[in-house]
Amino acid sequence: MATRVGPEVAVPARSSAAVRRLRWTPVLMVLPAVAVLLAITVFPLLYTLRLTVVSWELTTGFPPAFVGLQNFVRVFGDPRFGNAMKNTGLLVLVGVGAQTVLGTALALELNQLRRARTTVLSLLLIPVMIAPVIAGFQFRMIYNDQFGPLNYLLDLLTHGAVRGAAWLADPRIALWAVMATDVWQWTPFMTLVVLAGLQAIPGELLEAAEVDGAAGPQAVWHVVLPLLLPVIVVGVLVRVMDTFKLFDIVYQLTAGGPGSVTETIAFYTYLQGFKFFSLGYTSAMAFIQLAVITVVAQVFLRYQRRVRAGIAA
Amino acid sequence: MRRRPLARRLLSAAVLGAALVVFLFPVVWMLLTSFKTNAEFFSYPPVLIPKSFALTNYLNAMRMPPDGRGGIQGVRDSLIVSLSSMAVSVLVGAPAAYSFARFRPGGEHLSFWVLSTRMFPPVASALPLFLVFRFLHLLDTYWALIAANTIFNLPFVIWLLKGFFEDLPVELEEAAVIDGTTVFGAFRRVALPLVAPGVVVTALFSFIFTWNEFMFALLFTRSDVRTLTIIVPSLVGGHEILWGQIAAVGVVAIIPNVVLALLLQRFLVRGLTLGAVKG
């Protein structure tokens, strides 16, 4: 999409009143939206910023006290925040990585189908659409160590050789169980995105590759994947931003436990704010997350312009 | 495209078949569980097909407490909050989207800022919003949830609709303006009817986002307002877990999602990537 400058609608050069209306109507049309967004985002933002420099523990009853940058110092010295950071990092790196690889592989398979494609894709997309909390509930039943279908299936397939685990209670497994739920829910999203990219690749390109002797996996690796890269990046960025905020599934599956092995940054911030009522400290953590998300969001916004201008437009 | 060898096609079918089983099993399991008695849930080996498909669990789950699980309150409250936030977002967002698409007021910066509000971590806005709502005595009311959800729906609506408006050829609106219509008239009478399908798609997406929303509902409500996403985890956390009934609430909670997954498929990629990929 070429950058377009200035009003798109031709100005009928009749009267200066008409011109003035033309200049002001667009502003009036965005004004309510901007006002609403300012009220519900900028105010909380400034309020949070102000809270980051105070110590305000609702549990003690003391009034807020100015502490400077103490809250930020505390964040970086807090092993539990480090742990939450590590867990979130794993969920982003390994979890989103798995969604990308599995989702792309599924899209390549799905792209070979003709009539059944729409139906299969629709069914695959059901996990993407349902509420994460409900997905968490479903996996709570599946992971049930005594009566759940997963441990029964393991027992059945291995004739009892592999003992099922307490998926959500075993500290070595719980984080992976949470990750598997997220991967289950969002892999089809990557499939959807990559499939859209695949359908935008002109058929002649693939035929040309075939003529040049690239066929099957080779053609996929050297011709298709490079063309898909921008679309995949957009999909990954969307998932990175969402995973960074992961809360619902954790709340429903493990509530951060056992201990704090499945605590994500969003979950730990929630605990500090709404269980321990440490308002200044919570605000400092919230602010750090805001900064990280803003950086990723900026990358996404720049990238999305390129993708819209490129193959997926 | 050339037909692939039979062996390759069989492998492909096996892979896609396995994928369908994996991705649908948890949903199907919840559906089956919603018909099970407690004895059937607590049995080993697990019962796959319940003996009876009576709606007992659904009726008990939907009735209000003390004898029911309050599912009907969840349906009511989820509907009220989702529909209201959807209406506000579309009413306020559509003119803004049109203006951004055609006139770029404030340049790229303003429209980028609008979209970036969508990416706010909810947990970061939760605390200040909580304090504001407490101050205004809005906790545990629909207003708090509608306002909080609109933070995320309004920028989404603006951004997605902006894309739909940009896809429209500008000539029709130009003609209307030359004929003496105002800019707002060109929007309301020419552009808006032409993107009506886009408006419907955008509205449905915004509905689903609120319908699925959990954190704000958890933090800003207690007993007067209880959405479906709150009721399910609160029942799992209860002292006596009636899995069949909770599953029944879960099934009711995903009905709109499943319907829209099937209906919206053509637009899903656009909605879920904030318009970045058009599909």
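Bear in mind that the values here come from a model prediction, so they are computed numbers and not experimental data.

### Quick look at the overall build of chain B
Part 1 of the argument: A count of helices and strands for chain B gives 14 helices and zero strands.
Part 2 of the argument: Listed by position from the N terminus, the elements making up chain B come as α-α-α-α-α-α-α-α-α-α-α-α-α-α.
Part 3 of the argument: Dimensions along the principal axes, computed over C-alpha positions, put chain B at roughly 75 × 70 × 30 Å.
Part 4 of the argument: Evaluated residue by residue, chain B yields a buried proportion of 53% over its 279 residues.
Part 5 of the argument: The long-range share in chain B, meaning contacts at least 24 apart out of those at least 6 apart in sequence, stands at 75%.

### Re the overall build of chain A
Part 1 of the argument: A count of helical and extended segments in chain A gives 13 helices and two strands.
Part 2 of the argument: Within chain A, the proportion of its 313 residues that are buried is 42%.
Part 3 of the argument: Of all intrachain contacts in chain A linking residues separated by at least 6 positions in sequence, the fraction that spans at least 24 positions is 72%.

### What about the interface of chain B and chain A?
Part 1 of the argument: Taken residue by residue, the interface counts 88 residues in chain B and 87 residues in chain A.
Part 2 of the argument: Counting residues per element, the side of chain B that touches chain A draws most heavily on helix H1 (residues 6-33) of chain B, which supplies twelve residues.
Part 3 of the argument: Per-class residue counts for the side of chain B that touches chain A are 67 nonpolar, 17 polar and four charged.

### Examining the confidence of the model for chain A
Part 1 of the argument: Model confidence for chain A is summarised by a mean pLDDT of 86, while 89% of its residues fall at 70 or above.
Part 2 of the argument: Here residues 1-8 of chain A is modelled with pLDDT under 50, and outside its nearest four sequence neighbours on either side it reaches seven contacts, counting other chains as well.

### Points about the packing of helix H8 (residues 174-199) of chain A against helix H14 (residues 265-272) of chain B
Part 1 of the argument: Between H8(A) and H14(B), the least distance of the axes is 10 Å, while the angle of their chain directions is 100°. One element, H8(A), and the other, H14(B), form an angle in the roughly perpendicular class. On the side of H8(A), the interface is formed by A:Phe189, A:Leu192, A:Val193 and A:Ala196, while H14(B) contributes B:Leu268, B:Val269 and B:Leu272.
Part 2 of the argument: When its residues are assigned to classes, the contact of H8(A) with H14(B) shows seven nonpolar, no polar and no charged.

### Thoughts on the packing of helix H4 (residues 117-124) of chain A against H1(B)
Axes are the key here: two packed helices are described by the angle between their axes and the distance separating the axes.
Part 1 of the argument: Taken N-terminus to C-terminus, the directions of H4(A) and H1(B) make an angle of 30°; their axes are 9 Å apart at the nearest point. By the angle between their axes, H4(A) is roughly parallel relative to H1(B). From H4(A), A:Val120, A:Leu123 and A:Leu124 reach across to H1(B), where they touch B:Leu16, B:Ala19, B:Leu20, B:Phe23 and B:Leu24.
Part 2 of the argument: The class makeup of the residues in the contact of H4(A) with H1(B) is eight nonpolar, no polar and no charged.

### Some details on unusual backbone geometry
Part 1 of the argument: In the segment running from A:Gly257 into A:Pro258, the intervening peptide bond is cis, with an omega of -10°.
Part 2 of the argument: Looking at the secondary structure, you find A:Pro258 in the loop between helix H11 (248-253) and helix H12 (265-274).
Part 3 of the argument: Here the amide bond leading from B:Tyr44 into B:Pro45 is cis, since omega sits at -5°, within 30 degrees of zero.
Part 4 of the argument: When you line up the elements, B:Pro45 lands in the loop between helix H2 (38-41) and helix H3 (56-62).
Part 5 of the argument: In the Ramachandran plot, A:Phe277 falls in the positive-phi region, its phi being about 50° despite a non-glycine side chain.
Part 6 of the argument: Considering the arrangement of structural elements, one finds A:Phe277 in the loop between H12 and helix H13 (279-309).
Part 7 of the argument: Given 15 C-beta atoms within 10 Å, A:Phe277 falls into the partly exposed group.

### Describing the environment of A:Val30
Part 1 of the argument: Assignment of secondary structure puts A:Val30 in helix H1 (residues 16-51).
Part 2 of the argument: With residues near it in sequence (within four places) discarded, A:Val30 still touches B:Ala96, B:Ser99, B:Phe100 and B:Pro105.

### Observations concerning the nonpolar core
Part 1 of the argument: The biggest cluster of nonpolar side chains holds 171 residues, and the ones touching the most others in it are A:Val193, B:Ile158 and B:Val232.
Part 2 of the argument: In this structure, B:Val232 is in contact with A:Val133, A:Ile134, A:Phe137, B:Ile246, B:Val249, B:Gly250 and B:Ala253, ignoring residues within four places of it in sequence.

### Notes on the environment of A:Ser55
Residue and element names in this part refer to chain A.
Part 1 of the argument: Tracing the chain through its elements places Ser55 in strand E1 (residues 54-55).
Part 2 of the argument: What makes Ser55 buried here is the crowd of 20 C-beta atoms within 10 Å.
Part 3 of the argument: Taking the C-alpha atoms as reference, Ser55 lies 62 Å from Arg114; in sequence the two are 59 residues apart.

### Some details on helix H10 (residues 217-244) of chain A
Residues spaced three or four apart along an α-helix point in a common direction, a consequence of the helix completing one turn every 3.6 residues.
Residues and elements named next belong to chain A.
Part 1 of the argument: Here H10 spans only 33 Å end to end across 28 residues, well under the 40 Å set by a 1.5 Å rise per residue.
Part 2 of the argument: Along its length, H10 shows its largest kink, about 50°, at Leu229, and proline Pro230 lies within four residues downstream of that point.
Part 3 of the argument: If you check which residues of H10 are buried, you get Val224, Leu228, Pro230, Val231, Val234, Gly235, Val236, Leu237, Val238, Arg239, Thr243 and Phe244.

### Concerning helix H6 (residues 122-135) of chain B
All names here are of chain B.
Part 1 of the argument: Between the first and last C-alpha of H6 there are 20 Å, a value that for 14 residues agrees with the 20 Å anticipated at 1.5 Å per step.
Part 2 of the argument: The largest bend along H6 reaches roughly 30° and is located at Pro128.
Part 3 of the argument: For H6, the tally of buried residues reaches ten of 14 residues, placing the bulk of the element in the interior.
Part 4 of the argument: Positive backbone phi, at 55°, marks His137, one or two positions downstream of H6.

### What about the environment of B:Phe207?
All names here are of chain B.
Part 1 of the argument: By the secondary structure assignment, Phe207 is in helix H10 (residues 196-212).
Part 2 of the argument: By the C-beta count within 10 Å, which is 22 here, Phe207 ends up buried.
Part 3 of the argument: Along the primary structure Phe207 and Val132 are separated by 75 residues, whereas in three dimensions their C-alpha atoms are 25 Å apart.
Part 4 of the argument: If near-sequence neighbours (up to four positions away) are discounted, Phe207 is found in contact with Ser82, Leu83 and Met86.

### Describing the confidence of the model for chain B
Part 1 of the argument: Residue-level pLDDT values for chain B average 89, and 99% of them are 70 or greater.
Part 2 of the argument: Among the prediction metrics, the complex's ipTM stands at 0.92, with pTM recorded as 0.90.

Rules and cut-offs
Residues numbered from 1 in each chain as written. Chains lettered and ligands numbered in written order. Predicted model: local features only at pLDDT ≥ 70, side-chain atom pairs only at ≥ 80, totals over all residues. Helix = DSSP H or I, 4+ residues; strand = E, 2+ residues; numbered from the N terminus. Buried ≥ 20, exposed ≤ 12 C-beta atoms within 10 Å, placed from the backbone. Contact = placed C-beta atoms within 7 Å. Nonpolar A, V, L, I, M, F, W, Y, C, P; charged D, E, K, R; others polar. pLDDT = per-residue confidence, 0-100. Axes fitted to C-alpha atoms, helices over the stretch in contact; angles between N-to-C directions. Parallel < 35°, antiparallel > 145°, perpendicular 65-115°, else oblique. Core = buried A, V, L, I, M, F, W, Y, C linked by C-beta atoms within 7 Å. Expected span 1.5 Å × (residues − 1). Bend = angle between axes of the 7 residues up to and from the residue.

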